[in-house]
Amino acid sequence: MAEVDHLAAERATARFDVEEMKVAWAGSRHAVHVADRMARLVASDPVFRKDNRTMLSRKELFKDTLRKAAHAWKRIVELRLTEEEADLLRQYVDQPGYVDLHWGMFVPAIKGQGTEEQQHKWLPLAYKFQIIGCYAQTELGHGSNVQGLETTATFDPKTDEFVIHSPTLTSSKWWPGGLGKASTHAVVYARLITEGKDYGIHGFIVQLRSLEDHSPLPGVTLGDIGGKFGSGAYNSMDNGVLRFDHVRIPRDQMLMRLSQVTREGKYVHSNVPKQLLYGTMVYVRQSIVADASKALSRAVCIAVRYSAVRKQFGSQDGGPETQVLNYKTQQSRLFPLLASAYAFRFVGDWLNWLYTDVTQKLEAKDFSTLQEAHACTAGLKAVTTSVTADAIEECRKLCGGHGYLNSSGLPELFAVYVPACTYEGDNVVLLLQVARILMKTVSQLASGKQPVGTMAYMGKVQYLMQCKSAVSSAEDWLNPDAIQEAFEARALRMAVNCAQNISQAASQEEGFYERSPDLLEAAVAHIQLIIVTKFIEKVHQEIPGHGVKEQLQALCNVYALYILHKHLGDFLATGCITPRQGALANEQLGKLYAQVRPNAVALVDAFNYTDHYLGSVLGRYDGDVYPALYEEAWKDPLNETVVPEGYHEYLRPLIKQQQLKLSRL
Ligand SMILES: CCC/C=C/C(=O)SCCNC(=O)CCNC(=O)[C@H](O)C(C)(C)COP(=O)([O-])OP(=O)([O-])OC[C@H]1O[C@@H](n2cnc3c(N)ncnc32)[C@H](O)[C@@H]1OP(=O)([O-])[O-]
Ligand SMILES: Cc1cc2nc3c(=O)[nH]c(=O)nc-3n(C[C@H](O)[C@H](O)[C@H](O)COP(=O)(O)OP(=O)(O)OC[C@H]3O[C@@H](n4cnc5c(N)ncnc54)[C@H](O)[C@@H]3O)c2cc1C
């Protein structure tokens, strides 16, 4: 802990119990305790140092990632960490690497799509790192369109094997994390062909590299796809390319939980929806929502603390300069992001609950909630990642010039985070999936079918299509029912408008295609409603700790009214509220910002991040920013010598030449 706390005065103005807010943020006292322990374990270990990361070459960075992953594993084994502790430890190491895909996709794919026998065979190997796996789905030619993948897996009944082949250049697997250099195995998605028939995409476990010397197995060509956006950042990951030339694998390496190929080559599909093949993606999408709140809260923590330290311009009478956090513009840009971090945290918890519930139902062969799980994971993944990526960049701007320095932590955080808008489903593609489900739900309303889950509000169609908001003062917008009604009416009316427009087209498909920009907006409105609803529900729960509930209430209102203000066009165009009511919402928002202001630093302290995890001189807990910035600059390799390399080759001759010219004049 720092000797002098430059943010002490800020912390003293907090009107709530920060320790209890930590519990509300983490989910339980146990969660705070474990996270704290793991974060400190990582921060105190020199192997996990990361302040020099942006200065390493790609090769050095990759080797550093291998070293950290091996050391993390050693610590996990030595300390006999539980699964929960090990996950947290990896999170705090905070360096993308092959282990993310090994634990995050390879293992879940086998768990979700492998038979019990297959799980029994492969999972122990993966759990002990006797094999390292990745998830090889995307190809050079196709990523979003999974049904369009080209790799083939043709069954050969003579040898009881599948022949895995890449028939074209565009069928090369392209992007899988961990594939380029680290993985020994992959779950490969390929078109299953048996008895001359193409049965579409299925998963297969394929060994890629020797377990003795790591060389590629015969028929396998593979490597890294090259450098990516930003210095350091996601370049620690070996995203890879992979081609197969008639590689043979035993039949029992097809993941056979959902469908099987018999010894004779008969294709048998179990009586389950074929979309269960996409289960690993659904699992990862729900975890990405929780990750969004982590990335967003990190950026917000840096920007809030620095805005409290940074001062610009004096008062009229030459008094002390003003903390930039006191500028209303700074507050109106920053506090909605702070509120969004909390909103995403709580909707992430809810989504995790939904996912667990759906998984239990699927195990009991109840598939009724599959569509709800798909719509919520796809939509929330899309909205939370898009907002977070934009917000990290906004936090960089909120930190002025210093935000552009690598030592602020923000450039790297942005570069690591921004592909989340693309991986696990491009956000536009995912929102169009939500829109399709919305249109299906609207079309079923006429038949009297009652929508369920997060679509249930659509059942109130008669009321929501004609209701008028009763808000008549700014304070009325603090009523959760007023907020809920406005968001429900906006989402439903946008969906119904789209459905009406589509119905006028020559065909449903053509109408959907023509109206897809409007459909995106309708999907976003629906997802924002879910986030607002889950935040309101959270605040309705019993929340212990002095002032904690009040702060969360204020943040919930900030989130909802900020969205209302930002998307005012939607609310006005659908007639849910009047321009005057829109103005009242904005007035209330200003009052809420004033309420958040004295609590802002304490609200980011409640994230409980160590300085190591934040990785930012601007976001330091003690607020002692300037000496740290100054010191950090000297660590740059350019400052290793006073006279730079290249001086004698390029600078001196140039200067001397000009001096000579001048002396001749
Ligand atoms: C750390 C970073 C690591 C990154 C890793 C990666 O990126 S890995 C790579 C990540 N790659 C990607 O994320 C690729 C993104 N692309 C995709 O996920 C799919 O290609 C697609 C969903 C866009 C279309 O799929 P399609 O052409 O097969 O389907 P369709 O549109 O014709 O709809 C047919 C029906 O299926 C339903 N349904 C669809 N999905 C699901 C689901 N998950 N669950 C349940 N249901 C689902 C849909 O609602 C519809 O229902 P209806 O109306 O019949 O009742
Ligand atoms: C960092 C990173 C890690 C990754 N890790 C993995 C991994 O481990 N394993 C793996 O298999 N894959 C991985 N991927 C691949 C990733 O899943 C795909 O890139 C992603 O699904 C998007 O597909 P695409 O690249 O084909 O984009 P495209 O679909 O080609 O997108 C291009 C543009 O077309 C638009 N578009 C596409 N279809 C439609 C449509 N129907 N309607 C309207 N617009 C459309 C998109 O919005 C986008 O603007 C990774 C990607 C990245 C960037």
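Per-chain numbering applies: the sequence of each chain, read as written, is numbered from 1 onward. In the order they appear in the text, chains get letters beginning with A and ligands get numbers beginning with 1. pLDDT decides what is reported in this predicted model: residues at 70 or higher carry local features, side-chain atom pairs at 80 or more are listed and counted, and totals for whole chains, interfaces and linings draw on all residues regardless. With hydrogens and water set aside, each side-chain value is computed from the structure's full complement of heavy atoms.

As recorded by an unreviewed UniProt entry, the protein carries the name Acyl-coenzyme A oxidase and is attributed to Zea mays.

So, on to the pattern of salt bridges. The salt bridge criterion pairs a side-chain nitrogen of Lys or Arg with a carboxyl oxygen of Asp or Glu, the two atoms within 4 Å. Applying the stated criterion across every chain, the model contains 42 salt bridges. Here Asp-94 makes a salt bridge to Arg-298, at a shortest N to O gap of 2.9 Å. Remark: Arg-298 occurs in helix H8 (residues 279–309) and Asp-94 occurs in the loop between helix H5 (83–93) and helix H6 (98–113); sequence separation between them is 204 residues. Burial classes: relative accessible area under 20% of the type maximum marks a residue as buried, over 50% as exposed, and values in between as partly exposed (1.4 Å probe, protein chains only). When its relative accessible area of 8% is taken as the criterion, Arg-298 is described as buried. Notably, a salt bridge pairs Glu-632 with Lys-635, separated by 3.2 Å at the nearest N-O pair. Overall, the relative accessible area of 41% leaves Lys-635 in the partly exposed class. Residues joined in a network through salt bridges with shared partners are Lys-50, Arg-53, Asp-94, Arg-298 and Glu-412. Only DSSP runs of H or I with at least four residues qualify as helices, and only runs of E with at least two residues qualify as strands; both kinds are numbered from the N terminus onward.

What follows covers the nonpolar core. The biggest cluster of nonpolar side chains holds 148 residues, and the ones touching the most others in it are Leu-338, Tyr-342, Leu-380, Trp-477 and Leu-552. Counting residues per element, this core draws most heavily on helix H9 (residues 328–363), which supplies 15 residues. Residue contacts are defined here by distance: any two heavy atoms, one from each residue, within 4.5 Å place the two residues in contact. Setting aside anything within four residues of it in sequence, one finds Leu-380 in contact with Val-289, Val-347, Trp-350, Leu-351, Ala-375, Thr-385, Ile-527, Ile-530 and Ile-531. We define the nonpolar core as a collection of buried residues of types Ala, Val, Leu, Ile, Met, Phe, Trp, Tyr and Cys that are connected through side-chain atoms lying within 4.5 Å of one another. Counting residues in hydrophobic clusters, the runner-up holds 34 residues, among them Val-99, Met-105, Ala-126 and Ile-288.

Neighbouring ligand 1 are 24 residues; Ser-144, Gln-275, Tyr-278, Glu-424 and Lys-440 lie closest to it. By the criterion applied in these results, polar contacts are pairs of N or O atoms within 3.5 Å in which, for protein atoms, one can donate a hydrogen and the other can accept it, and in which residues neighboring in sequence qualify only through two side-chain atoms. Lys-440 places a polar side-chain atom, nitrogen or oxygen, 2.6 Å from an oxygen atom of ligand 1. Starting from 1100 Å² of accessible surface for ligand 1 in isolation, the protein chains cover 75%. For the shell around ligand 1, the elements supplying multiple residues, two or more each, are H6, H8, helix H10 (370–398) and helix H12 (427–445). Sort the elements by how many residues they give to the shell around ligand 1 and H12 lands first, with four residues. As a working rule, the residues Ala, Val, Leu, Ile, Met, Phe, Trp, Tyr, Cys and Pro are called nonpolar, Asp, Glu, Lys and Arg charged, and the rest polar, with Gly in that last group. The residue inventory of the shell around ligand 1, partitioned by class, reads 12 nonpolar, nine polar and three charged. Only a single heavy atom is needed: when it lies within 4 Å of a molecule or strand, its residue is near that molecule or strand. Note on areas: Shrake-Rupley with a 1.4 Å probe; residue coverage comes only from the protein chains shown.

With that settled, the discussion passes to H12. Helix span, as expected, comes to 1.5 Å for every residue beyond the first. Its 19 residues give H12 an end-to-end C-alpha distance of 27 Å, which sits within 8% of 27 Å, the value for a rise of 1.5 Å per residue. At the N-terminal boundary of H12, the capping side chain belongs to Asp-426, with an oxygen 3.0 Å from the backbone nitrogen of Val-428.

This brings us to the layout of surface pockets. By rolling a water-sized probe across the atoms, one finds the places where empty space is left. The pocket and cavity definitions rest on a 1 Å grid over protein atoms only: a 1.4 Å probe that fits but cannot leave marks a cavity, an open set with protein on both sides within 12 Å along at least five of seven lines marks a pocket, and residues lining either have an atom within 4 Å of a point. Grid points are joined across faces, edges and corners, and a volume is the space filled by probe spheres set on the points. Taken as a whole, the second largest pocket spans an internal volume of roughly 550 Å³. Considering the residues around the second largest pocket, the lining is formed by 29 residues, among which Ser-386, Val-387, Asp-390, Tyr-562 and Lys-566 are closest to the centre. Mapped onto the lining of the second largest pocket, the elements with two or more residues apiece are H9, H10, H12, helix H16 (516–540) and helix H17 (548–566). The leading source of residues in the lining of the second largest pocket is H10, at 10 residues. Classifying every residue of the lining of the second largest pocket by side-chain character gives 14 nonpolar, six polar and nine charged.

This next bit is on the site of ligand 2. Around ligand 2, a shell composed of 20 residues is seen, among which Tyr-135, Thr-138, Gly-143, Ser-144 and Asp-426 lie nearest. Between ligand 2 and Asp-426 there is a distance of 2.6 Å, counted from an oxygen atom to a side-chain nitrogen or oxygen. Contact with the protein chains hides 63% of the accessible area of ligand 2, taken as 970 Å² for the molecule alone. A class-by-class count of the residues in the shell around ligand 2 yields 10 nonpolar, eight polar and two charged.

Another aspect to go through is the packing of helix H3 (residues 29–43) against H5. The angle between the axes and the distance between the axes are what describe a pair of packed helices. As a packed pair, H3 and H5 sit with axes 9 Å apart at the nearest point and diverge in direction by 50°. The orientation of H3 with respect to H5, classified from their angle, is oblique. Of the two possible hands of crossing, H3 and H5 adopt the one that is right-handed. Between H3, through His-30, Val-34, Ala-35, Arg-37, Met-38, Ala-39, Leu-41 and Val-42, and H5, the contact on the second element is made entirely by Glu-84, Glu-85, Leu-88, Leu-89, Tyr-92 and Val-93. Tallied by class, the residues present in the contact of H3 with H5 amount to 10 nonpolar, one polar and three charged. Lines fitted to C-alpha atoms define the axes here, with helix axes fitted over just the stretch in contact, and angles between the N-to-C directions of these axes take values from 0 to 180 degrees. The scheme is simple: roughly parallel for angles under 35 degrees, roughly antiparallel for over 145, roughly perpendicular for 65 to 115, oblique for anything else. In this scheme the crossing of two helices becomes right-handed for a clockwise turn of the near helix relative to the far one and left-handed for an anticlockwise turn of less than a right angle.

We now examine the domain arrangement of the protein. Taken domain by domain, the protein consists of domain 1 (107–271) and domain 2 (472–605). For the domains described, the bounds stem from an automatic or database domain assignment. Summarising the inter-unit geometry, the C-alpha centres of domain 1 and domain 2 are found 43 Å apart.

UniProt positions are given in the numbering used here, feature names are shortened, and annotations may be inferred rather than shown by experiment. Taking the UniProt record as the reference, the feature "domain: Acyl-CoA oxidase C-terminal" (unreviewed entry) is found at residues 479–656. Split by type, residues 479–656 is 72% helix and 0% strand. Its first and last C-alpha atoms lie 74 Å apart.

The subject of this paragraph is unusual backbone geometry. The phi dihedral of His-246 falls on the positive side, at around 50°, and the residue is not glycine. If you trace the backbone, His-246 turns up in the loop between strand E8 (240–244) and strand E9 (247–250). By relative accessible area, which is 47% here, His-246 ends up partly exposed. Even without being a glycine, Lys-365 presents a positive backbone phi close to 60°. By the element assignment, Lys-365 lies in the loop between H9 and H10.

At least two DSSP bridges between two strands are required for those strands to pair. As summarised here, the arrangement of the three strands in space is E4-E8-E7, forming an open sheet in which the pairing is antiparallel. In this open sheet, the two strands that pair with only one neighbour each are strand E4 (173–174) and strand E7 (220–224). Pairing of E7 with E8 involves five bridges; the strand directions are antiparallel. Considered in E8, the bridge of Leu-222 is made with Leu-242.

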